[in-house]
Amino acid sequence: KYAKAVELFTAAIAGAVSLSRDIIPTARYVDAWGTTRAGATGMAESIFEVNFNILGEALNGDNSVQGYYQRLLNPNRGWGDIVASNELLALFETGDVRRQLIISSTRADGEVVGMTNKFPGSKGTFGWDNIPVIRTSEMYLTRAEANARAGNEDLALQDLNKMRQRAGIAVVMLQGQALIDAIMKERRIELAFEGHRWYDLTRLGQNIPKPGGGVIPFTDYRILPDLPIGDLQINTNLKQNPGY
């Protein structure tokens, strides 16, 4: 349903533009995620985001999105368990402004890792962030993918290069599978740490790569979790997922 996807995402982009929520200019991109948002109603290109109204909703920061992505040693906050892989870091081209959102941090054992700074406690306190779920950038990239897969390569290139120019990197002239691959790469970089990568891989039936080597095959039954026994007992129409 590529044509329908193009139609719907074109309408979504038009709506975002009418609300002054088009993609953030290059010069403002990094700060749009930063502490300059303190007190703001949301990220400038958010179409939908989870709004946290009180500090208690962040569970003292440790169980917040920022807490999973970052670790502060003084004061001691967060875990920093989810960091940028070397594979992801290698995808950034020279001059890509988005690379500035991955900051260097030293773990307690001395290991230096790259932590995302997309959720920096922008309401002024560690762990207290609104969480963007759908952004205008995603709309452009989804429309680009749909157009590319439908064979509308010129339109796909327009959206892809719009995102690349905003990132501060050169436009490309591609077609066929190379164009689709470039769009998927752009999705991975632009939407990193926002919860999209897993779904991009599984909707396309691709294996799940593991940092440091190895993969989880798409056919592995663990791609789907088991259904809770209580749910199966209450609703006998439910069938347990394969393998459990």
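All of these numbers come straight from a predicted model, not from anything done at the bench.

Undergrad: Tell me about the overall build of the protein chain, residues and numbers included.
TA: Secondary structure summary: the protein chain contains nine helices and eight strands in total. Scaling as 2.2 N^0.38, a compact globule of 244 residues should have a C-alpha radius of gyration of about 18 Å, and the protein chain matches this with 20 Å. If you line up the protein chain on its principal axes, its C-alpha atoms span 55 × 50 × 35 Å. For the protein chain, the distance from the average position of its 26 positive side-chain charges to the average position of its 27 negative side-chain charges is 1 Å.

Undergrad: Residues and numbers for the packing of aromatic side chains, please.
TA: Using the criterion set out here, one finds four aromatic pairs in the structure. Ring centres 5.9 Å apart and planes at 25° place the aromatic pair Y69 and F119 in the stacked group. Taken as a pair, Y69 in helix α3 (residues 65-69) and F119 in the loop between β5 (112-116) and β6 (131-135) lie far apart in primary sequence, 50 residues in all. Judged by its relative accessible area of 3%, F119 falls in the buried class. Consider the rings of Y69 and F193, whose centres lie 5.3 Å apart with planes at 80°: the pair is edge-to-face. Of this pair, Y69 sits in helix α3 while F193 sits in the loop between α7 (176-190) and α8 (197-203), and the two are 124 residues apart along the sequence. Of the two residues, Y69 and F193, neither departs from the other in class, the shared state being buried. Taken together, W33, Y69, F119 and F193 form an aromatic cluster joined through their ring pairs.

Undergrad: Lay out unusual backbone geometry with the relevant residues and their values.
TA: Backbone geometry follows two general trends: most residues other than glycine have a negative phi, and most peptide bonds adopt the trans configuration. Its identity as a non-glycine residue notwithstanding, S20 has a phi of 60°, on the positive side. Looking at where S20 falls in the secondary structure, it is placed in the loop between α1 (2-18) and α2 (26-32). The exposure class of S20 is exposed, given its relative accessible area of 65%.

Undergrad: Before we move on, can you summarise helix α6 (residues 153-167) with the specific residues and values?
TA: With 15 residues, α6 should reach 21 Å at 1.5 Å per residue; the first-to-last C-alpha distance of 21 Å fits that figure. Those residues of α6 that fall on the buried side of the exposure criterion are A156, L157, D159, L160, N161, M163, R164, R166 and A167. The elements touched by buried residues of α6 are α2, α5 (136-150) and α7. Of the residues trailing α6, G168 is marked for its positive phi of about 90°.

Undergrad: Describe in detail the side chain of T142, supporting the description with residues and values.
TA: When you line up the elements, T142 lands in helix α5. Apart from residues lying up to four places away in sequence, T142 is in contact with F9 and R187.

Undergrad: Give me the layout of surface pockets: which residues, what numbers.
TA: By volume, the largest pocket is sized at about 630 Å³. The wall of the largest pocket is formed by 24 residues, among which I82, V83, R188, F193 and R197 lie closest to the centre. Within the residue set of the lining of the largest pocket, elements represented by two or more residues are α4 (86-91), α7, α8 and β7 (208-209). If one sorts the elements of the lining of the largest pocket by residue count, α8 sits on top with four residues. Among the residues making up the lining of the largest pocket, the classes are represented as 13 nonpolar, three polar and eight charged. Counted as a void, the second largest pocket has a volume near 220 Å³. What lines the second largest pocket is a set of 13 residues, and nearest its centre among them are D181, M184, K185, R197 and Q206. Counting only elements with at least two residues in the lining of the second largest pocket, the list comes to α7 and α8.

Undergrad: Describe the packing of α5 against α6, with residues and values.
TA: The geometry of α5 relative to α6 is characterised by a closest axis approach of 7 Å and an angle of 150° between their N-to-C directions. On the basis of their axis angle, the class for α5 and α6 is roughly antiparallel. For the element pair α5 and α6, the recorded crossing hand is left-handed. Residue-level contacts link S137, Y140, L141, R143, A144, N147 and A148 of α5 to E153, L155, A156, D159, L160, K162, M163 and R166 of α6.

Undergrad: Quick one: what's the story with the nonpolar core, residue by residue and with numbers?
TA: Counting 17 residues, the largest nonpolar core has W33, L88 and F193 as the members making the most contacts within it. Excluding residues that lie within four positions of it along the chain, L88 makes contacts with R188, A192 and F193. Ranked by size, the runner-up nonpolar core spans 11 residues in total, among them A148, A156, V172 and M184.

Undergrad: Mind laying out a nonpolar patch on the surface, listing which residues take part and the relevant values?
TA: Taken together, the side chains of I47, F48, V50 and V133 define a hydrophobic patch exposed on the protein surface, amounting to about 300 Å² of accessible area. Examined against the element boundaries, V133 turns out to sit in strand β6. Classification of V133 by relative accessible area gives partly exposed; the value is 33%.

Rules used in this analysis
Residues numbered from 1 in each chain as written. Predicted model: local features only at pLDDT ≥ 70, side-chain atom pairs only at ≥ 80, totals over all residues. Heavy atoms only, no water. Helix = DSSP H or I, 4+ residues; strand = E, 2+ residues; numbered from the N terminus. Rg over C-alpha atoms; globule rule 2.2 N^0.38 Å. Lys, Arg positive; Asp, Glu negative; His and termini not counted. Charge placed at Lys NZ, Arg CZ, Asp CG, Glu CD. Phe/Tyr/Trp six-rings, centres within 6.5 Å; stacked < 30°, edge-to-face > 60°. Buried < 20%, exposed > 50% of the residue type's maximum accessible area, 1.4 Å probe, protein only. Expected span 1.5 Å × (residues − 1). Contact = heavy atoms within 4.5 Å. 1 Å grid on protein atoms, 1.4 Å probe; cavity = no way out; pocket = protein on both sides within 12 Å on 5 of 7 lines; lining within 4 Å. Points joined across faces, edges and corners; volume = space filled by probe spheres on them. Nonpolar A, V, L, I, M, F, W, Y, C, P; charged D, E, K, R; others polar. Axes fitted to C-alpha atoms, helices over the stretch in contact; angles between N-to-C directions. Parallel < 35°, antiparallel > 145°, perpendicular 65-115°, else oblique. Left-handed = near helix turned anticlockwise from the far one by under 90°. Core = buried A, V, L, I, M, F, W, Y, C linked by side-chain atoms within 4.5 Å. Patch = residues over 30% accessible without salt bridge, like charges linked within 9 Å, V, L, I, M, F, W, Y side chains within 5 Å. Areas by Shrake-Rupley, 256 points an atom, 1.4 Å probe, with all protein chains shown as cover. Salt bridge = Lys/Arg side-chain N within 4 Å of Asp/Glu carboxyl O.

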